[in-house]
Amino acid sequence: MTVRYLDLQALNAQFEPALSRAVTDVVGSGRYLRGEQVAAFESAFAHFCGAAHCIGVGNGLDALTLILLALKEEHGWSEETEVLVPAMTFVATALAVSRAGLRPVFCDVTRDALIDPAAAEQAVTPHTRALIAVHLYGAPCPPLPLQTLCQKHGLAMIEDAAQAHDATSADGQRVGSIGLAAAFSFYPGKNLGALGDGGAVCTNDAVLARRIRALANYGAEVKYEHQWLGLNSRLDEVQAAVLLTKLPRLHEETLHRRAIAARYAREIVTPAVSLPYEGRTNESVFHIYPLLCPQRDALKAHLQERGIETLIHYPLPLHCQPCYGGSSQAHYPTAERIAREELSLPLNSTLSEAQVGAIIEAVNSFSGHTTLSTQ
């Protein structure tokens, strides 16, 4: 049996013929930017997230960048301003800080690859003005410790929700309405994916929403009057129509993913691997199912031999990336361990019961002998 990590063609086929009809209708409408589909999606997604405002933008990196640019403009932040960022995340989180002319300051993470509140507090300086809570792999950061930290130090709490559409914390707060603003990506492989790039910002702050919308439109609220140095970052009508078609089934997709994750948690029993989110599998939306294995490369090869495709998210923590120094003397032990050991199993709604069973059997047949760390 061959199991692909993700089959986008099969995934999108589940939405036919409605998906193709939605695209065809936009093509025939003659309106491709800033039209009815974008407005309808912004309204629907804001409601879904429990936020007052949603601004569709070009991609997730732009969404995060625009939040930071708007806050920088509003508060007069200088290039000395620091933003706390987890050391284990996709590089876009830090790139957004750099693009906004601010300084990313890395912090270690918990075992679940979420920013560690204690490490973040130790990293606060007089220049710190914001913290980015990355809901990595689809797992929501527990909000209360971070909200308490941000209130104590006067920091803006920003959510990087690029992998966490529909995630809800244990206390019932839905991702997208936890922080001051949240950035989403609709890259095709996301749980809510477009047919190209797309992104959005959600916020309950009307002033911030208005500024972000203007910044995304060349810095203008009125045509040809450019109040700020903005960007050109728009969610187009085709992608909005695609997302509107998929959004009503997003929670169903979440439940399906959680059911597969629960089966992994019950039936993967080899001591060679460590499973994620022990006792908290009902919170993540499992955009990624991250195993930890000290013999990660051997496990990957073992699964590949059995026809199971896996991926690694992410082999280099941010402080080891060449664009951020690469040979930095700083060390973030948990982030570094995750980078060495993480392996992502296939998990999506196109998997059959037989394929899930084959994945479980293949993992359990791996004869790793390295003793797992308890860190």
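Residues numbered from 1 in each chain as written. Predicted model: local features only at pLDDT ≥ 70, side-chain atom pairs only at ≥ 80, totals over all residues. Heavy atoms only, no water.

Scanning the protein chain from N- to C-terminus turns up 13 helices and 11 strands. In terms of principal-axis extent, the alpha carbons of the protein chain reach across some 65 × 55 × 35 Å. The proportion of buried residues among the 375 residues of the protein chain is 55%. A sequence separation of at least 24 residues applies to 72% of the contacts in the protein chain between residues at least 6 apart. Charge-centre separation for the protein chain: the mean point of 29 positive side chains lies 2 Å from the mean point of 38 negative side chains. (Helix = DSSP H or I, 4+ residues; strand = E, 2+ residues; numbered from the N terminus. Buried < 20%, exposed > 50% of the residue type's maximum accessible area, 1.4 Å probe, protein only. Contact = heavy atoms within 4.5 Å. Lys, Arg positive; Asp, Glu negative; His and termini not counted. Charge placed at Lys NZ, Arg CZ, Asp CG, Glu CD.)

Ordered in space as 1-7-6-5-4-2-3, the 7 strands form an open sheet in which the pairing is mixed. Sheet topology places strand 1 (53-57) and strand 3 (103-107) at the edges, where each strand pairs with a single neighbour. Here the strands of the sheet are splayed against their neighbours by 25 degrees on average, with no regard to which way each runs. Sheet analysis places strand 2 (residues 82-86) next to strand 4 (residues 128-134), joined by 3 bridges and oriented parallel. Across the sheet, Glu 82 pairs through a bridge with Thr 128, a residue of strand 4. Where helix 5 (residues 92-99) meets the sheet, it contacts strand 2, strand 3, strand 4 and strand 5 (156-160), and its direction lies at approximately 150 degrees from that of strand 3. (Pairing = 2+ DSSP bridges. Axes fitted to C-alpha atoms, helices over the stretch in contact; angles between N-to-C directions.)

Turning next to the pattern of salt bridges. Evaluated as defined, the whole model comprises 14 salt bridges. Asp 112 serves as the salt-bridge partner of Arg 111, at 3.6 Å between the closest nitrogen and oxygen. A relative accessible area of 15% means that Asp 112 is categorised as buried. Within this structure, Arg 263, Glu 267 and Glu 353 form a network of salt bridges that share partners. (Salt bridge = Lys/Arg side-chain N within 4 Å of Asp/Glu carboxyl O.)

Turning our attention to the packing of helix 4 (residues 60-75) against helix 5. Close contact between helix 4 and helix 5 brings their axes to 8 Å; oriented N to C, the two are set at 40 degrees. As far as their axial angle goes, helix 5 and helix 4 are oblique. Here the hand of the crossing between helix 4 and helix 5 comes out right-handed. Residue-level inspection shows Leu 61, Asp 62, Leu 64, Thr 65 and Leu 68 of helix 4 in contact with helix 5, the latter providing Ala 92, Thr 93, Leu 95, Ala 96, Val 97 and Arg 99. Considered class by class, the residues forming the contact of helix 4 with helix 5 number 7 nonpolar, 2 polar and 2 charged. (Parallel < 35°, antiparallel > 145°, perpendicular 65-115°, else oblique. Left-handed = near helix turned anticlockwise from the far one by under 90°. Nonpolar A, V, L, I, M, F, W, Y, C, P; charged D, E, K, R; others polar.)

Turning to unusual backbone geometry, a few remarks are in order. With glycine set apart, most residues show a phi of negative sign, and most peptide bonds adopt trans. Residue Pro 17 is reached from Glu 16 by a cis peptide bond, and omega for that bond is 5 degrees. Inspection of the secondary structure assignment puts Pro 17 in the loop between helix 1 (8-13) and helix 2 (18-29). For the peptide bond that leads from His 313 to Tyr 314, omega is 5 degrees, which places it in the cis range. For Tyr 314, the location among the structural elements is in the loop between helix 11 (296-305) and helix 12 (333-341).

Before going further, it helps to spend a moment on the side chain of Asp 166. Of note, Asp 166 is situated in the loop between strand 5 and strand 6 (181-185). A polar atom in the side chain of Asp 166 sits 2.9 Å from the side chain of His 251. Leaving out residues up to four positions away in the same chain, Asp 166 has contacts with Phe 48, Arg 174, Leu 250, His 251, Thr 254, Arg 258 and Val 285. (Polar contact = N/O pair within 3.5 Å; in protein donor to acceptor, adjacent residues only side chain to side chain.)

On the surface, Val 27, Tyr 32 and Leu 33 cluster together into a nonpolar patch covering about 280 Å² of accessible area. Counting through the fold element by element, Val 27 comes out in helix 2. (Patch = residues over 30% accessible without salt bridge, like charges linked within 9 Å, V, L, I, M, F, W, Y side chains within 5 Å. Areas by Shrake-Rupley, 256 points an atom, 1.4 Å probe, with all protein chains shown as cover.)

Under the definition given, this model contains 10 aromatic pairs. Among the aromatic residues, those joined into a cluster by ring pairs are Phe 41, Phe 45, Phe 48, Phe 184 and Phe 186. When the ring centre of Phe 48 is taken as origin, the NZ or CZ atom of Arg 174, which lies over that ring, is 4.3 Å away. Taking NZ or CZ as reference, Arg 249 lies 4.3 Å from the ring centre of Phe 15, over its face. (Phe/Tyr/Trp six-rings, centres within 6.5 Å; stacked < 30°, edge-to-face > 60°. Lys NZ or Arg CZ within 6 Å of the ring centre and 35° of its normal.)

Turning to the state of the cysteines, a few remarks are in order. Here the structure, examined in full by the defined rule, presents 0 disulfides. Cysteine Cys 107 remains unbridged, with the sulfur of Cys 150 as its closest cysteine sulfur at 11 Å. Overall, Cys 107 belongs to the buried group, its relative accessible area being 1%. Here Cys 323 stays unpaired: no disulfide links it, and the sulfur of Cys 320, its closest cysteine neighbor, is 11 Å away. When its relative accessible area of 51% is taken as the criterion, Cys 323 is described as exposed. (Disulfide = S-S within 2.5 Å.)

Of the residues in the protein chain, 97% have a pLDDT of 70 or more, and the chain-wide mean is 94. Overall, residues 370-375 carries pLDDT values under 50, and its contacts beyond four positions in sequence, including any with other chains, amount to 10 contacts. (pLDDT = per-residue confidence, 0-100.)

Locating Asp 197 in the fold gives a position in the loop between strand 6 and strand 7 (199-203). Taking C-alpha positions, Asp 197 is 6.4 Å from Gly 58, a pair spaced 139 residues apart along the chain. Not counting residues within four places of it along the chain, the set of residues in contact with Asp 197 comprises Gly 58, Asn 59, Tyr 187 and Gln 239.

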